[in-house]
Structures are given as structure tokens and as C-alpha cells.
Amino acid sequence: MEDHVPALEREVERTLGRKPRPQDVLLWGLFAPANLLDIIGSFVVYERDAKKGCTVHKLPRYPQYLAVNKAIARIKGAKVPHERGVVVWHTQGSGKS
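Source: prediction; values computed, not measured.

*Asks:* What's the story with the overall build of the chain in this structure? I'm lost.
*Replies:* Of regular secondary structure, the chain possesses 4 helices and 2 strands. The order of α-helices and β-strands along the chain, N terminus first, is α-α-α-β-β-α. Within the chain, buried positions represent 10% of all 97 residues. Intrachain contacts of the chain at a sequence separation of at least 6 include 14% that bridge at least 24 residues. Entry remark: accessible area of the chain is about 8600 Å², with carbon and sulfur atoms responsible for 59%.

*Asks:* Quick question: what am I supposed to make of the packing of aromatic side chains here?
*Replies:* What characterises a pair of aromatic rings is the spacing of the ring centres plus the angle enclosed by the ring planes. For the coordinates displayed, the defined rule picks out 1 aromatic pair. Look at F43 and Y65: their rings are 5.0 Å apart centre to centre, the planes differ by 65°, and that puts the pair in the edge-to-face class. A residue pair is termed long-range when its members are at least 10 positions apart, and F43 in the loop between helix 3 (33-42) and strand 1 (45-49) and Y65 in helix 4 (residues 62-77) qualify at 22 residues. The class for F43 is buried, based on a relative accessible area of 12%. Looking at Y65, the relative accessible area reads 11%, which means it is buried.

*Asks:* Please explain the pairing of strand 2 (residues 54-58) as it appears in this structure.
*Replies:* Regular strands place side chains that alternate from one sheet face to the opposite one. Of the pairings in the sheet, the one linking strand 1 to strand 2 comprises 5 bridges and is antiparallel in character. Residue pairing for strand 2: Y46 is matched across the bridge by H57. A loop of 4 residues connects strand 1 with strand 2, the two strands running antiparallel in sequence, and G53 in this loop sits at a positive phi of about 70°.

*Asks:* So what exactly am I meant to see when it comes to the layout of surface pockets here?
*Replies:* Any empty space left between the atoms is revealed when a probe the size of a water molecule rolls over them. Its boundaries defined by the atoms lining it, the largest pocket holds a volume of some 520 Å³. Lining of the largest pocket is provided by 19 residues; of these, L26, G29, L30, Y62 and Y65 occupy positions nearest its centre. Elements that contribute at least two residues to the lining of the largest pocket include exactly helix 2 (22-30), helix 3 and helix 4. Element by element, the count of residues in the lining of the largest pocket is highest for helix 2, at 6 residues. For the lining of the largest pocket, the residue count by class is 15 nonpolar, 3 polar and 1 charged.

*Asks:* I'm lost on the environment of T55 in this one. Help?
*Replies:* The topology assignment puts T55 in strand 2. Exposure remark for T55: the relative accessible area of 40% places this residue in the partly exposed category. On a C-alpha basis, the gap between T55 and V45 in space is 10.0 Å, while along the polypeptide they are 10 residues apart. Leave out the neighbours within four places in its chain, and T55 touches Y46, E47 and R48.

Conventions and cut-offs
Residues numbered from 1 in each chain as written. Predicted model: local features only at pLDDT ≥ 70, side-chain atom pairs only at ≥ 80, totals over all residues. Heavy atoms only, no water. Helix = DSSP H or I, 4+ residues; strand = E, 2+ residues; numbered from the N terminus. Buried < 20%, exposed > 50% of the residue type's maximum accessible area, 1.4 Å probe, protein only. Contact = heavy atoms within 4.5 Å. Areas by Shrake-Rupley, 256 points an atom, 1.4 Å probe, with all protein chains shown as cover. Phe/Tyr/Trp six-rings, centres within 6.5 Å; stacked < 30°, edge-to-face > 60°. Pairing = 2+ DSSP bridges. 1 Å grid on protein atoms, 1.4 Å probe; cavity = no way out; pocket = protein on both sides within 12 Å on 5 of 7 lines; lining within 4 Å. Points joined across faces, edges and corners; volume = space filled by probe spheres on them. Nonpolar A, V, L, I, M, F, W, Y, C, P; charged D, E, K, R; others polar.

Okay, here's the thing in C-alpha cells:
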């Protein structure tokens, strides 16, 4: 039977010595040096909140991070202009409000 566990999850399991929870895998991926440096260098936005009198640091959620990196890779790898187009479908919230 073929193993359908992603390589990252197997790596986390070997390191922790137990089956990883989704949060374990998420944090492992976030703190991988290449990912963390990419997020800090290219995805952090600083916005001044005048009402609170402070600066708010905004980070992407993982689908946003993955979508932007896939879009950039597609644009850079395109051989002809019509291959450079990308669509990122984004919804906000759960629709319960």
C-alpha cells in the first residue's frame, strides 16, 4: 500500500517521536528558515492604527502565502506573455455574519 503522508509530516513525526497534530506541521513549515525569511522579507505589512496609537504588523495566512509564491513562479517561468496570467480566488470570513 502506498504511503500518502506528505514528506513534511513524516519529518515532523520523526523529530517529535509521535504523530504530529496539524498545528505541529503548520509551525514546522512556518519556522523553516527559508519560509520564515521569505515571510518576513516579502509579506509583512506595517500599518499605523491612529485610533490605538500603534503600528499593526500584518502577516499572510498560509493560503495567501502559497498563492502569491505560486503566482510569482508562474510569471517568472512563463515562456510567452499569455502564460503569465494568474487568478487568486479569495474569500473573507466564514459567511456567518
